[in-house]
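As a plain string of letters, each chain reads:
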Amino acid sequence: MISRTWTRFRGSLDYFATMYAVFVVGILVPVVMIVLSLTGLPGPVTAVLGLVCAAVLFVLFVPAVPAEWREAVRARSIVVRVLWSVVILLVVAVLARLTQFMLDADNVDASLSADDDFLVEKSHLSGYISGALMAEHDPAGLYDRHRYESPQADSILPAVTPQDRDAYLYPPPFLLLPRLLLLFSHDFATLRALYYSLYVAIVLLAMFAIARWIGGRQGAVLAALTPVVWLSLPTLATLQIGNIHVLVLYVGGAGAMVLFQLRRNIFGGAALAFAIIAKVSPAILLVYLLVQRRWRPAVWTAAFCGLYSLLTLAIFGWEPWRQFLSDGTWQRLASGEFHQFVLVERANQLVNYSPFGLPYKANIMGWDIGDPVGPARVITNIYTLLLLILVAVTAVRIHRRLSAGAEGPRVRAEQLAIWLAVLTLASFRAPFGPWVYIAVGAVWMLAVHAGLMRGGKRTVALLTVAWLIIAVYNENVWFTLVAQTLIYVACFLVAWRASSGTDPEPAPSREDSPQTERVGAA
């Protein structure tokens, strides 16, 4: 067994497989070491085990790199190959440094930016954990943001200093995740490090698994661009502040749709249902499924939504639900009333890429909008209608193509591009849609779209400029408007084009279609 593994490793070892392995091992080993350190092992023992883990993962991963992934980079110019290698090394170095901050919140120098108070002090996990404890000990205060800031809350909520404590702003079933984490520890620093480790590992492996599912040249380009997605500021910032958005909405939502394509309806329903009960906006994919008359995935998703709701009721009782439904919390969240305390600050108005925030930015530019809430709701309603039309049209068009026998890597990549586009657009439907973590969906979508485009210099240049505008941030109202508009237009155009079919390619061979797609329905 060991001899065969070593033989496969030596036969597969080349520069490109090595760099892919460096990317994966360089990200996974630090999080493994975090978990080992949390068990109480001495530092030297943790270091030795980390080195052993790195060696084993490297030997196992190199042969697992598909030949197409290597060729996708090998065929590029020397400049592209050098830049690709530099990106991988940068991501590994940044995350190795960030790992130190996740282990010690006082070590602000290891943060992405020691001078950025938001990045240093913000931890969404604090809101998740505090919400689960509040639901158990003081459920009447679950959606009272002032309760989380009161001195009396210190008796039931964990100490999160030096970071700020967030309030809980999610539907009751999402409490199941922090309740599960609390089974491991009630110490926030421990939970923060554990949560970061799980987040990084799941997102990384899921992104590569989805690229492998696509297969062909399109999957290879997506795999090669995955380090670029990770190097973007939205991705790195999301990892540091720990917002669940990328994990459950983009990876969970897109992963669920992949599982549905593989006829793994039970697992896909479980994943999509949790994304819906966590963030609500992934319900747009239910509309997509229903338009295509794909009843089994829709039914399994609805069933798991019901199951998660019943589990929440059994664990936390009726009061969280009463607070969310009877007291109108869900209406205040949907209407923007709940976020008024956030939107009064200029910094939050700028970072808000939701259409709801456009009248606020108009005021910043000197236009006399007056009370921005009324126009914001009208703009959001128009945006929602356009989004629903986009989802319905793209769902019908791609379904017709699939029914006519369209298959292969290009079609799978087109579907992924559509899912990521509509998930990103649906995310901005919320009154407060921060660029910080929502833009990750657009960055990932552009990486998928790159594999669908012809590789001319002009095309590459346009894609690069779009990526740079979306993947960075500047506190200038005109910059945010341009970036915000670019995301909307890019998502609409990519989804529309992908649904009708991008550039044709030769009919796929039998090997292009994964055998798992022929597995019987669950």
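This one's a predicted model, so the numbers in the text were calculated from it and none came from an experiment.

A. The overall build of the protein, seen in detail. In terms of helices and strands, the protein carries 26 helices and zero strands. By the compact-globule yardstick of 24 Å for 522 residues, the protein fits well, its C-alpha radius of gyration being 23 Å. By its C-alpha atoms, the protein is 65 × 60 × 50 Å across when sized along the principal axes. Scored against the burial criterion, the 522 residues of the protein give a buried share of 54%. Entry remark: accessible area of the protein is about 22400 Å², with carbon and sulfur atoms responsible for 65%. Separation of charge centres in the protein, based on 39 positive and 32 negative side chains, amounts to 14 Å.

B. Looking closely at the environment of Leu-343. Topologically, Leu-343 is positioned in helix H19 (residues 340-343). The spacing of Leu-343 and Pro-42 is 301 residues in sequence and 46 Å in space, taken between C-alpha atoms. Beyond its immediate chain neighbours, meaning those up to four positions away, Leu-343 contacts Gln-349, Asn-352, Phe-356, Tyr-360, Pro-431 and Phe-432.

C. Layout of the nonpolar core. In this structure, Tyr-20, Trp-230 and Trp-444 are the most contacted members of the largest nonpolar core, which totals 162 residues. When residues in this core are grouped by element, the largest group, 17 residues, is from helix H10 (residues 188-214). Excluding residues that lie within four positions of it along the chain, Tyr-20 makes contacts with Phe-61, Val-65, Trp-69, Arg-70, Val-73, Trp-84, Phe-208, Ala-220, Ala-223 and Ala-224.

D. Region of interest: the pattern of salt bridges. Under the counting rule described, the total for this entry stands at eight salt bridges. Where Arg-70 meets Asp-14, a salt bridge forms, and the shortest distance between an N and an O atom there is 3.4 Å. Highlighted residues: Arg-70 in helix H4 (residues 67-74) and Asp-14 in the loop between helix H1 (2-12) and helix H2 (15-38), separated in sequence by 56 residues. Judged by its relative accessible area of 9%, Arg-70 falls in the buried class. Taking the relative accessible area as the measure of exposure, Asp-14 reaches 22% and is therefore partly exposed. Across the salt bridge formed by Arg-74 and Asp-14, the nearest N and O atoms sit 3.1 Å from each other.

Rules behind the numbers
- Throughout, a residue's number is its position along its own chain's written sequence, starting from 1.
- This being a predicted model, a pLDDT of at least 70 is required before a residue's local features are given, and a value of 80 or more before pairs of side-chain atoms are given or counted; all residues contribute to the totals for chains, interfaces and linings.
- Side-chain calculation: all heavy atoms of the structure are included, whereas hydrogens and water are not.
- Helix and strand assignments come from DSSP, with helices taken as H or I runs of at least 4 residues and strands as E runs of at least 2, each series counted from the N terminus.
- For this measure, only C-alpha atoms enter the radius of gyration; the expected value for a globule follows 2.2 Å times N^0.38, where N is the number of residues.
- Think of it in three bands: with a 1.4 Å probe and only protein chains considered, a residue is buried below 20% of the maximum accessible area for its type, exposed above 50%, and partly exposed in between.
- Here, Shrake-Rupley sampling with a 1.4 Å probe gives the accessible areas, and only protein chains in the shown set may cover a residue.
- Positive charge is attributed to Lys and Arg, negative charge to Asp and Glu, and no charge count is given to His or to the chain ends.
- The atom standing in for a charge is NZ when the residue is Lys, CZ when it is Arg, CG when it is Asp and CD when it is Glu.
- The contact definition used throughout considers only heavy atoms, calling two residues in contact when any of these lie within 4.5 Å.
- Only buried residues count toward a nonpolar core. Its members are Ala, Val, Leu, Ile, Met, Phe, Trp, Tyr and Cys residues joined through side-chain atoms within 4.5 Å.
- Any carboxyl oxygen of Asp or Glu that lies within 4 Å of a side-chain nitrogen of Lys or Arg is treated as forming a salt bridge with it.

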